[in-house]
Every structure is written in C-alpha cells, then in structure tokens.
Amino acid sequence: MRVVVLTGAGISAESGVATFRDSGGLWEGHDVEDVATPEGFARDPDLVHRFYDARRRGLALVAPNPAHAALAALEETLGEDLLVVTQNVDDLHERAGLRRVVHMHGELRRARCQACGARPAWDTDLQGAPPCPVCGRAELRPDVVWFGEVPYALEVIDRALTGCELFVAVGTSGAVYPAAGYVALAAHSGARTVELNLEPSAVSRYFDEVRTGPAVQLVPQWVAEVLG
C-alpha cells in the first residue's frame, strides 16, 4: 500500500515547538510580514536572522513525540511505499528515525545561499554574515520558504499524491496552499483520505474520515491499525 502522510504544526506543537499562527497573526511578538517574507528580510535582515537563530537554537530544547515515533515505525514496515511530506521546518521527524521526509517549507537546520543557491546544513547562527561554505560569499539566509515563495519538491509531492492509495493529514490547519489542496488531489486519484487533527481543519469536509484528538494519541493508534 502506497501512503502519503502530510504533517503540519500540530504534530510538533505537542513536542513544545511554537506554532506559526496564533490569535493575533503574530509569531512570538513579530509580524509575519517582518519575519516570514522576502520583503521583511530585505528591510531588516538582522531581525530575521535573530528570529530564526533563536528558533534553530530552540530545537535543542524539544524532542520527538510518540506521533513522530509512530510514523518512523510505519516507515520500517512500508519502506519506500511511505512518503512523509511536512510543512514543518524542524527536524523532529528525522530525529525520530524517519528517512524519507520532504520538507516543502525548508529546514531550520539548513541555510540557503542567495549567490550560488547552495543549501548547506547549518547548526549555528546566521547573524553576523558568515560566508557560504560553497562559494565563499556572505549571502546566506534561512532555508525557510516564506510567504510569496514557491515551496520545495512540488513535483515530487504531486507524483506521490497521484500514485498513493492512502493520504493522511496530521496536525494541519488546511489554511495554507498548496498543502491544503492535497486532499483533493489524492482523492481525485482514487486514494482514501484521513485527517488526524486536534480539531477539524478548514478542509475537513473533503476527507473520507476525520478523527479529532492529540496527535500523540491518534497517530500511534492509526499506525497500529495500518500495521494490523
């Protein structure tokens, strides 16, 4: 059985990772336009670097939870028949043991060079203009897909969705495209669709089945069912 799992902020929130959206449209006191757009970076790169440097350092304070572990266990059985597509920029899936993960919105533990396009692994701060390890120019930015930018690996994701038999969304808001449209694409291709979420998302009505509750409970239960 070919399975695609889309994960969003909800799965990492249960590990203590701050979610991007809150009631005020801010992220820990910052306007989205200031820290999550190319224009914001052009206006104040130091602010943006401070913001993402803090997020990167914060990864050391969180750990994968049972939902991440359950998906890694599923991969051990399904192998290449499972693809996890995540909207999250943390590395909790990898730290849980997953190997086939597509980070459509980039990764905190990578930088991106605006000069040569390299995306080197990066664990330290970007503030202070460190040079790119590939071309030597000091034009590194966070490797995070901001509003107005094109997500990564869209063709890979589309191929997986059109060829899968089961599509599962975990902890997603259903408010950000193109990810919010993946349930429709998978369903159109004949896949069964399941949503596992703390509360119904903006696109819940398009799923064949919706289960509500914490990801740390729902995902291990669902994986146990799949593994029989």
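Bear in mind the structure is a predicted one, so any value in this text is a computation, not a measurement.

**Student:** Give me the overall build of the protein chain: which residues, what numbers.
**Tutor:** When you go through the protein chain residue by residue, the secondary structure sums to nine helices and ten strands. Relative to the globule expectation of 17 Å for 228 residues, the C-alpha radius of gyration of the protein chain, 18 Å, shows essentially globular dimensions. Once the C-alpha set of the protein chain is aligned to its principal axes, its extents read approximately 50 × 35 × 35 Å. Expressed as a percentage of the 228 residues in the protein chain, the buried residues total 47%. Put simply, of all contacts in the protein chain between residues at least 6 apart along the chain, 62% involve residues at least 24 apart.

**Student:** Explain the nonpolar core to me, and be specific about the residues and the numbers.
**Tutor:** Side chains that are nonpolar tend, in soluble globular proteins, to be buried together. Membership of the largest hydrophobic core comes to 23 residues, with the highest contact counts inside it found for V5, V168, V170, L196, V219 and W222. Looking at this core, the elements with two or more residues in it are strand 1 (3-7), helix 5 (66-78), strand 4 (82-86), strand 8 (166-170), strand 9 (192-197) and helix 9 (215-227). Ranked by residues supplied to this core, first place goes to helix 5 with six residues. When sequence neighbours within four positions are dropped, the list of residues in contact with L196 reads V168, A169, V170, G171, R211, L218, V219 and W222.

**Student:** Please give an account of the sheet that holds strand 10 (residues 209-212) that cites residues and values.
**Tutor:** Taken together, six strands build an open sheet; the order of strands is 5-4-1-8-9-10 and the sheet is parallel. Two strands in the sheet have a free side with no partner beyond their single neighbour: strand 5 (101-103) and strand 10. Neighbouring strand axes in the sheet, compared pairwise and without regard to direction, differ in orientation by 15° on average. Bridge analysis of strand 9 against strand 10 gives four bridges, and the strand direction is parallel. Looking across to strand 10, one finds that V194 is bridged to E209. Across the sheet, helix 5 lies against strand 1 and strand 4, angled at about 150° from strand 4, the strand it touches most.

**Student:** Can you tell me about the domain arrangement of the protein chain, naming the residues and giving the values?
**Tutor:** By the assigned domains, the protein chain splits into domain 1 (1-17 + 63-105 + 151-227) and domain 2 (20-61 + 107-144). Distance between the C-alpha centres of domain 1 and domain 2: 25 Å. If you look at the interface, domain 1 gives nine residues, while domain 2 gives nine residues. Summing both partners gives a buried area of about 900 Å² for domain 1 against domain 2, and 52% of it is carried by carbon and sulfur. Connecting domain 1 to domain 2 are one salt bridge. A salt bridge links D91 to R109, with the nearest nitrogen and oxygen atoms 2.6 Å apart. In this assembly, domain 1 and domain 2 are joined by five residue pairs in polar contact (both at pLDDT 80 or more). Classifying every residue of the side of domain 1 that touches domain 2 gives three nonpolar, two polar and four charged.

**Student:** An account of the side chain of R56 is requested, with residue identities and associated values reported.
**Tutor:** Looking at the element boundaries, R56 is found in helix 4 (residues 45-58). Residue contacts for R56: discarding those within four places in its chain leaves L108, W122, D123, T124, D125 and L126.

**Student:** Mind laying out the packing of aromatic side chains, listing which residues take part and the relevant values?
**Tutor:** Per the stated rule, a full pass over the model turns up four aromatic pairs. On the numbers, 6.2 Å between centres and 40° between planes, the contact of Y52 with W146 is tilted. Of the two residues, Y52 sits in helix 4 while W146 sits in the loop between strand 7 (140-144) and helix 7 (154-163), which places them 94 residues apart along the sequence. The residues Y52 and W146 share a single accessibility class, namely buried. Every member of this aromatic cluster is reached through a ring pair, and the members are F41, F51, Y52 and W146. Sitting above the plane of the F51 ring, R55 keeps its charged end 4.5 Å from the centroid.

The rules behind each value
Residues numbered from 1 in each chain as written. Predicted model: local features only at pLDDT ≥ 70, side-chain atom pairs only at ≥ 80, totals over all residues. Heavy atoms only, no water. Helix = DSSP H or I, 4+ residues; strand = E, 2+ residues; numbered from the N terminus. Rg over C-alpha atoms; globule rule 2.2 N^0.38 Å. Buried < 20%, exposed > 50% of the residue type's maximum accessible area, 1.4 Å probe, protein only. Contact = heavy atoms within 4.5 Å. Core = buried A, V, L, I, M, F, W, Y, C linked by side-chain atoms within 4.5 Å. Pairing = 2+ DSSP bridges. Axes fitted to C-alpha atoms, helices over the stretch in contact; angles between N-to-C directions. Domains from an automatic or database assignment. Buried area = accessible area lost by both parts, 1.4 Å probe. Salt bridge = Lys/Arg side-chain N within 4 Å of Asp/Glu carboxyl O. Polar contact = N/O pair within 3.5 Å; in protein donor to acceptor, adjacent residues only side chain to side chain. Nonpolar A, V, L, I, M, F, W, Y, C, P; charged D, E, K, R; others polar. Phe/Tyr/Trp six-rings, centres within 6.5 Å; stacked < 30°, edge-to-face > 60°. Lys NZ or Arg CZ within 6 Å of the ring centre and 35° of its normal.

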